[in-house]
Amino acid sequence: MASTRWPAPAKLNLFLHVNGRRPDGYHELQTLFIFLNHSDWLEFEVIPNSDTLTLSPAIPGVPDEQNLIIRAARLLQTTLSSPQGAHIRLEKVLPMGGGIGGGSSDAATTLVALNHLWQAGLSEDELAALGVQLGADVPVFVRGKAAFAEGVGERLQPVELPDAWYLVLKPDCHVATAAVFQDPDLPRATPKMALDNLLEGEWKNDCESLVKKRHPEVANALGWLLEYAPSRMTGTGACVFAQFEDEVTAREVLACVPKGLDGFVAKGENISPLFSTLQQFK
């Protein structure tokens, strides 16, 4: 079978509230996800009658069996009635440790694409249930719609958000999500609110203050961006973003970014580019 190319888009958390810690150690969250038209890309070439999985190029410091792409494919293989394998090629565009969902998005694209290519026949609900075993953000990428999320991020309510353009900056540091949520100084007591109230209120990220203290690079990037537009950190960082009404203004600000800061401009998408690609293949 010829290889096929699928996007693994970035996401932003437009706000992120930490409502408390559960007995199992996970955190109760409220957050708002939107997709960006800026993606990693994965190519899949099916290997019939084999459970072989290969990934190229290898990601430095991440053994294949720890990589979310291989783990997603292996998980999907357990549902098959006959062996299927794949050669997978990753074109890495999204930064690692950036809080824009690169690894989770790669895993979701692997589940969605191979479910189609292997003709596994799993429903969206079944794929999302597999996805949450890989990470709390994977189900939103599987479902492919901008969403309000609660729980650990697995309870999703689709939303329609106005068109907007985003300038995203990636400071030169890596923020480990697990370290943020394990930190005793993380605020964990934001009261839960109804979605309507959240949409009308001022948006914030409860992880931002802690990450800025631990990573001055994030504080510096955010301080610079705030000179141009209201700005926040996404996820547990390190990426920060500002929202603009049009692409031209966003790109004008990007052109002024100081040396040492990487960034990109992308349009917000209520429907994931992955979902759009799946419809084309059907």
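From a predicted model like this one, the values you see are computed outputs, not experimental measurements. (Residues numbered from 1 in each chain as written. Predicted model: local features only at pLDDT ≥ 70, side-chain atom pairs only at ≥ 80, totals over all residues. Heavy atoms only, no water.)

Participant: An account of the overall build of the chain is requested, with residue identities and associated values reported.
Facilitator: Helix and strand content of the chain: ten helices and ten strands. For 282 residues, the compact-globule formula gives about 19 Å, and the C-alpha radius of gyration of the chain, at 19 Å, lands near that figure. Burial status across the chain gives 54% buried among its 282 residues. Counted over contacts in the chain with a minimum sequence separation of 6, partners at least 24 positions apart contribute 76%. (Helix = DSSP H or I, 4+ residues; strand = E, 2+ residues; numbered from the N terminus. Rg over C-alpha atoms; globule rule 2.2 N^0.38 Å. Buried < 20%, exposed > 50% of the residue type's maximum accessible area, 1.4 Å probe, protein only. Contact = heavy atoms within 4.5 Å.)

Participant: Before we move on, could you go through the nonpolar core and cite the residues and values that matter?
Facilitator: Membership of the largest hydrophobic core comes to 42 residues, with the highest contact counts inside it found for Trp6, Phe44, Leu76, Leu111, Leu114, Trp118 and Val142. Here this core gets seven residues from one element, more than from any other, and that element is helix H2 (residues 102-117). With 30 residues, the next largest nonpolar core counts Val18, Leu169, Leu222 and Val253 among its residues. (Core = buried A, V, L, I, M, F, W, Y, C linked by side-chain atoms within 4.5 Å.)

Participant: Could you give an account of the side chain of Ser50, with specific residues and numbers?
Facilitator: Counting through the fold element by element, Ser50 comes out in the loop between strand S2 (27-48) and strand S3 (53-56). Here the side chain of Ser50 touches Thr52 through a polar contact of 2.9 Å, side chain to side chain. Each residue touching Ser50, except ones within four places of it in the same chain, is listed here: Pro83, Gln84 and Gly85. (Polar contact = N/O pair within 3.5 Å; in protein donor to acceptor, adjacent residues only side chain to side chain.)

Participant: Give me the lowdown on the pairing of strand S7 (residues 165-170), citing residues and values where you can.
Facilitator: Looking along a regular strand, one sees the side chains alternate between the two faces of the sheet. Buried residues dominate S7, accounting for six of its six residues. Here S7 shows no split at all, with Trp165, Leu167 and Leu169 on one side and Tyr166, Val168 and Lys170 on the other all buried. Bridging between S7 and strand S10 (residues 262-269) involves six bridges; their strand directions are antiparallel. Residue pairing for S10: Tyr166 is matched across the bridge by Ala266. (Pairing = 2+ DSSP bridges.)

Participant: Would you mind going over the environment of His174 in detail, with residue names and values included?
Facilitator: In this structure, His174 sits in the loop between S7 and helix H5 (177-182). In this structure, the C-alpha to C-alpha distance between His174 and Cys239, residues 65 residues apart in sequence, is 9.5 Å. If sequence neighbours within four positions are ignored, His174 has contacts with Met96, Gly97 and His215.

Participant: Any chance you could break down the layout of surface pockets for me, citing the residues and the numbers?
Facilitator: By volume, the largest pocket amounts to about 1,200 Å³. Lining the largest pocket we find 43 residues, and of these Leu68, Ser104, Asp137, Thr177 and Ala178 sit closest to its centre. Of all the elements in the fold, those that place two or more residues in the lining of the largest pocket are strand S1 (4-21), S2, helix H1 (68-77), H2 and H5. Of the residues assigned to the lining of the largest pocket, the class counts are 17 nonpolar, 21 polar and five charged. In this model, the second largest pocket occupies a volume close to 230 Å³. Around the second largest pocket sit 13 residues that line it, and Val112, Asn115, Leu127, Leu278 and Lys282 are the ones nearest its centre. Secondary structure elements with two or more residues in the lining of the second largest pocket: H2, helix H3 (124-132) and helix H10 (273-281). Broken down by element, the residue count for the lining of the second largest pocket peaks at four residues, all from H10. Here the residues of the lining of the second largest pocket sort into seven nonpolar, four polar and two charged. (1 Å grid on protein atoms, 1.4 Å probe; cavity = no way out; pocket = protein on both sides within 12 Å on 5 of 7 lines; lining within 4 Å. Points joined across faces, edges and corners; volume = space filled by probe spheres on them. Nonpolar A, V, L, I, M, F, W, Y, C, P; charged D, E, K, R; others polar.)

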